[in-house]
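# Commentary on secondary and tertiary structure
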Amino acid sequence: MVNVTIDGKTIQVPEGTTVLRAAEQAGLKIPVLCDHPHLLPFGGCRLCVVEVEGMRTLQPSCSLPVSNNMVVRTNTEKVQAARKFILTLIFSDRNHFCPYCQVSGGDCELQNAALNLGMTHWEYQPNWKPYPVDASHEYLVIDHNRCILCRRCVRACGELVGNFTLGIEERGASSMLVCDVGVPFGESSCVACGTCSQVCPTGAIIDRRSAYQGLEKKTESTASICLGCSLGCGVNVLTRDNRLVRITGRWDAPVNAGVLCKLGRFLPLDEDRQRITTPLVRKDGKLQPATWDEALQAASLKLKPLAGKNGSGVAAIASPRLPVESLAAFKQLFKGGFRSDTVTTLEEGASTLAASALAAETGPFETDLSALEAADCVVVLGIDLAVEEQVLGFMVKRSLPSNTALVVIDAAENGFTPLARAALKPAAGAVNVALRGLSAAIRKLGLAKAGTNGKDAEAELKSAAEQSGILADQLVYAGGMIAKATRPVFIYGKNLNLADLKAAADLAALVGAGKNLIGARGAANSLAAAQLGLDQPFKRNGHQAVYVALGDDVPSQRLIQQLEGTPFLVVQAAYSSRLTAMADVVFPVEMWAETSGHYINIEGRVQGTAAALKPAAGVRSNLAALQAVAASVGLSAEADWQAALAERKAPVALALS
Amino acid sequence: MAKPKISSDWMCGCAGCHMSLLDIDERILTIAELTDIRATPITDLKEPDESGVDVGILEGGINNTANEEVAHRMRKRCKLLVALGDCAVFGGVPAMRNFFTIEEALRRAYVETESTDSEGKIPSDPELARMTRVRAIHEVVPVDIFLPGCPPDPDAIFYVLSELAQGRKPELKGDLLHWR
C-alpha cells in the first residue's frame with residue numbers, strides 16, 4: 001500500500017493504482033473521455049490531467065500510477081485551463097454539431113465535460129471538412145464527424161469482445177477509425193454485438209434502432225437479464241411510454257460485465273410478430289375473441305374429463321424460455337394434476353440430456369464462468385460459439401491474445417476453427433473417439449496427471465485416429481497442448497451425446513482439470529427444465545388434447561406438424577403464429593420484457609428478470625395463466641420450484657437459497 | 001444611473017431565440033422597468049440608436065453580406081455584445097450547409113426540393129446580399145457574452161438580462177448552461 005494525497009485528502013491505495021482510480025476512492029471526480037472503467041488505461045484524450053507536486057508538467061491521471069507520498073491536485077486553475085484548451089482542440093478537430101446529434105442534451109460525455117467546465121462556446125471553429133458517415137451496418141452507424149479518436153470502441157472490440165474489427169489507421173490529425181483494413185462497417189468482420197456503441201462517449205457510434213428515440217434521462221431503465229440463451233447476461237431494458245427503446249449490457253452484471261451479443265442487444269428490438277391481447281376461442285370453426293372466463297370454461301370443458309387418462313389424456317409442452325416458477329407450475333399441473341405421461345419442453349432435452357445423465361452418475365462435474373479468466377487452454381467441444389452462447393465466445397476470444405490455446409473439436413463446421421491453434425473435425429458421431437484418441441495421445445506422451453501413462457496408448461491412439469478420421473499426429477499435437485496447460489477449460493454444447501461427454505470428462509480428469517467443464521444449454525431455462533425432468537421426447541400419439549405453454553417463443557415447424565390434427569389444442573402465447581391459428585383455445589400471456597421470474601443460467605446461477613413493460617389489460621403472466629387453468633379444472637399448480645429443482649442431481653452446483 | 005439601453009437583432013436564425021425571450025413571460029415587465037428597450041425585431045424601432053446602446057443582442061449566425069452588416073453595426077453601436085442561441089454561438093443548424101458548396105445549397109433549396117421543380121430559379125438579383133459560409137458571430141465580430149441553447153432556456157435569458165440590467169456581467173453555469 002502507498003500513501004497518496006489528493007486535493008488535501010490522504011488515502012492509502014494498493015501499489016499500481018492509477019491516480020484517477022485513487023481519486024475516485026477519495027471521492028473526487030476527475031473528468032475523462034478516453035478512460036473507461038472496464039477498459040485498460042489509454043491516456044489518449046488528456047482531459048484527466050492533474051498537477052503532481054515535483055513534476056514539471058501536467059500528468060494524465062488515467063495512466064499515471066501513484067507513488068508513495070505523491071501529492072496531487074485535480075482542480076487547480078492551471079488544470080482547468082488545460083482541460084478547457086483540450087476540449088477546445090477536440091471540438092475543432094472534427095465537426096461536432098450538438099443541435100442535430102442524438103446524444104446531445106445529457107448523453108454526450110464530451111458535451112457534459114464542456115458544460116461542467118462552464119464552456120459557453122468554442123474558441124476555434126470546427127474543421128468544416130466533411131467526414132464520412134458509414135451507415136452500411138445493419139444495426140450501427142459510424143459518424144466520423146463526431147469521433148474524438150478516444151479509441152474506447154477499438155479497445156472494447158478487442159479487450160472485451162476479442163473481435164478486433166475496429167482499429168485506427170494513419171497518425172495524428174489523419175487518424176481514422178477503420179473496420180478491418182478499411183472496408184465498410186457492414187461488410188466487415190463485425191459481429192454486431194454493439195459494445196462499441198455502448199462505450200462511445202459521443203454520438204460517433206450510434207445504434208440505428210434506438211437513435212433519436214429519446215435521451216437516457218427521458219427513458220426508464222429496468223435491470224433485468226437477457227433470455228436469448230443459457231448465459232443469462234445482465235441487461236438494462238430502456239423503455240419510454242411503455243415502449244422498448246434500447247437494451248444495454250449491465251456493467252455490474254456478474255455473467256457478462258457489460259458485454260452483450262446481437263441476439264441480446266438488437267434482435268429483441270426487431271420483434272414484428274403480432275401480439276395476442278385477448279383470449280381466443282374457436283366457435284363455428286373460427287377463432288373468436290372471448291373473455292378469460294369464457295376461454296377458461298371452453299378449455300376446462302374438454303380438459304377436465306381427460307385428467308388421469310394416461311396416454312389418451314393431455315400432453316403438455318412448454319417453452320424453456322418461461323420463468324422457473326411457470327415451469328414448476330406447468331409440471332405440477334400436468335404431471336401432478338392431469339397425471340400425463342408426456343410433459344416436456346420444446347427442446348425435449350436436446351441440450352441437457354447428456355449432462356443430466358452424467359450428473360446422475362457422478363454428481364456435479366462443471367465449473368463456473370470465472371474459470372475462463374484463468375484458463376490457459378480452452379477446448380471447445382461440439383458448439384459453435386460464433387452462433388450460440390456468443391458472449392461465452394467473446395470470453396474465449398478475448399483470452400486468446402494472452403496466449404490462451406484454443407482447441408476446437410467439432411464434427412460440424414465451426415466458426416471458431418479459424419481462431420484455433422488446433423481444430424479437429426472428427427467423422428460424424430466420432431467425437432468421443434477423437435476425445436479418447438486425445439487421452440491416448442496424452443498417455444503416450446507421458447503427460448497424464450491422473451491415471452496411467454503407458455505403451456498400450458500407442459495402439460489406442462492408432463485405432464482412434466483411424467475411426468475418427470483425424471491424423472494421429474494431430475491428436476498428439478492437440479493432446480500435448482491440452483496436457484501442458486495448467487488450467488484447461490472444456491466448453492461443450494448440445495452436439496455432444498452422453499458417450500462424447502463422458503470421454504470429455506475423462507480427458508479433463510486425465511489432465512488434472514476434473515471439474516473444469518462448462519456446458520452450454522441452449523435456452524434461458526433449459527437447465528431448470530432439465531432439473532424439473534421436463535426433458536423427454538414429445539410424441540402426441542393418442543393424446544386427446546395438447547396444452548402448449550409457448551410464452552413468447554417461436555413454435556418450430558416440427559412441432560406444428562406434430563400437432564396438426566390434434567383433437568383439442570390449447571396454446572398460451574404472447575404472439576400469434578401458425579400454432580395459435582391451429583388452436584381451439586388461446587390464452588394471451590406476457591412476453592419477456594413484461595415478465596418477472598427466475599432463470600437458472602449455464603453455471604447454476606439463479607437470476608431474476610424484472611418487468612420493464614406493462615402488458616395490455618387482457619394479458620396475464622404465464623404463471624397466472626397456468627394457475628387459472630388449474631383452478632378451472634379443479635387441480636393445483638402450486639409448486640415449490642426451489643425444492644423441485646434440487647430433486648435431481650445437477651451437472652453444476654445450483655445457487656439455490 | 002440611467003437605465004441601460006438594450007437593443008437586439010436577428011440574422012441567420014429562426015427567430016426561436018426571440019420567442020424564447022418572450023417566453024420569460026411577465027418577467028419581461030421587470031426587464032422593461034430596469035432597462036430601456038430600444039430597437040428589436042419585435043419593436044417599432046428597427047436599428048440600434050446611432051448614439052449607441054449598452055447591450056446589443058444578436059440571434060443567428062452570419063451567412064451573407066447583409067448579416068455581416070447587421071453584426072458590424074450592432075458591434076459598433078453597443079458596449080456589450082450578447083450572442084443569443086446556438087446559431088449565434090456555434091453556427092447552429094444553418095451551418096450544416098457548410099458541408100456543401102453554396103451552389104449546391106442554392107440548387108437544393110430552389111430547384112431540387114419536393115416543393116420546387118426544375119423550373120425553379122435561383123434568385124440572382126444583383127441587389128440581393130451575397131451568400132457566404134455560415135459562421136458563428138465571434139468569427140466576424142468580437143462577442144462578450146455567449147448564451148448558447150437551441151433555443152436558450154427562458155430562465156437563462158432572464159438571468160442574463162437581469163444581471164446586465166443591474167450592471168453585472170452574467171456567468172452562465174449549472175442548469176442555466178446547456179447547448180443542444
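Description of the structure in this document.

## As for the overall build of chain A
- Across its full length, chain A holds 20 helices and 27 strands.
- Its C-alpha radius of gyration of 28 Å places chain A within 12% of the 26 Å reference for a compact globule of 657 residues.
- Dimensions of chain A along its principal axes, counting C-alpha atoms only, are 85 × 75 × 45 Å.
- Classification of the 657 residues of chain A by burial places 54% in the buried group.
- Within chain A, contacts between residues separated by at least 24 positions form 69% of all contacts whose residues are at least 6 apart in sequence.

## Describing the pairing of strand 16 (residues 314-318) of chain A
Residue and element names in this part refer to chain A.
- Taken across its 5 residues, strand 16 has 5 buried, putting it largely inside the fold.
- Burial of strand 16 is two-sided: the residues Val314, Ala316 and Ala318 facing one way and the residues Ala315 and Ile317 facing the other way are all buried.
- Relative to strand 23 (residues 545-551), strand 16 runs parallel, the two being bridged by 5 bridges. Bridging across to strand 23, Ala318 finds its partner in Ala549.
- As for the winding sense of the linkage, the β-α-β connection from strand 16 through helix 8 (residues 324-337) to strand 17 (residues 343-345) is right-handed.

## Here's the deal with the environment of A:Leu40
Residue and element names in this part refer to chain A.
- Among the secondary structure elements, Leu40 is positioned in the loop between helix 1 (19-25) and strand 3 (49-52).
- Owing to 11 C-beta atoms within 10 Å, Leu40 belongs among the exposed residues under this scheme.
- It is 9.3 Å that separates the C-alpha atoms of Leu40 and Ala156, two residues lying 116 residues apart in sequence.

## Structural notes on the interface of chain B and chain A
- Taken residue by residue, the interface counts 21 residues in chain B and 15 residues in chain A.
- Broken down by element, the residue count for the side of chain B that touches chain A peaks at 3 residues, all from helix 4 (residues 86-90) of chain B.
- Residues of the side of chain B that touches chain A, tallied by class, amount to 13 nonpolar, 4 polar and 4 charged.

## Points about helix 3 (residues 109-116) of chain A
Residues and elements named next belong to chain A.
- Considered for burial, the residues of helix 3 that qualify are Leu110, Gln111, Ala113 and Ala114. The arc that holds every buried residue of helix 3, seen down its axis, measures 160°, which confines them to one face.
- Once helix 3 finishes, Gly118 follows within two positions and takes phi at roughly 75°, a positive value.

So, how was this worked out
- Residues numbered from 1 in each chain as written.
- Chains lettered and ligands numbered in written order.
- Predicted model: local features only at pLDDT ≥ 70, side-chain atom pairs only at ≥ 80, totals over all residues.
- Helix = DSSP H or I, 4+ residues; strand = E, 2+ residues; numbered from the N terminus.
- Rg over C-alpha atoms; globule rule 2.2 N^0.38 Å.
- Buried ≥ 20, exposed ≤ 12 C-beta atoms within 10 Å, placed from the backbone.
- Contact = placed C-beta atoms within 7 Å.
- Pairing = 2+ DSSP bridges.
- Right-handed = clockwise from strand over helix to strand, strands pointing away.
- Nonpolar A, V, L, I, M, F, W, Y, C, P; charged D, E, K, R; others polar.
- Arc of directions from axis to C-beta.

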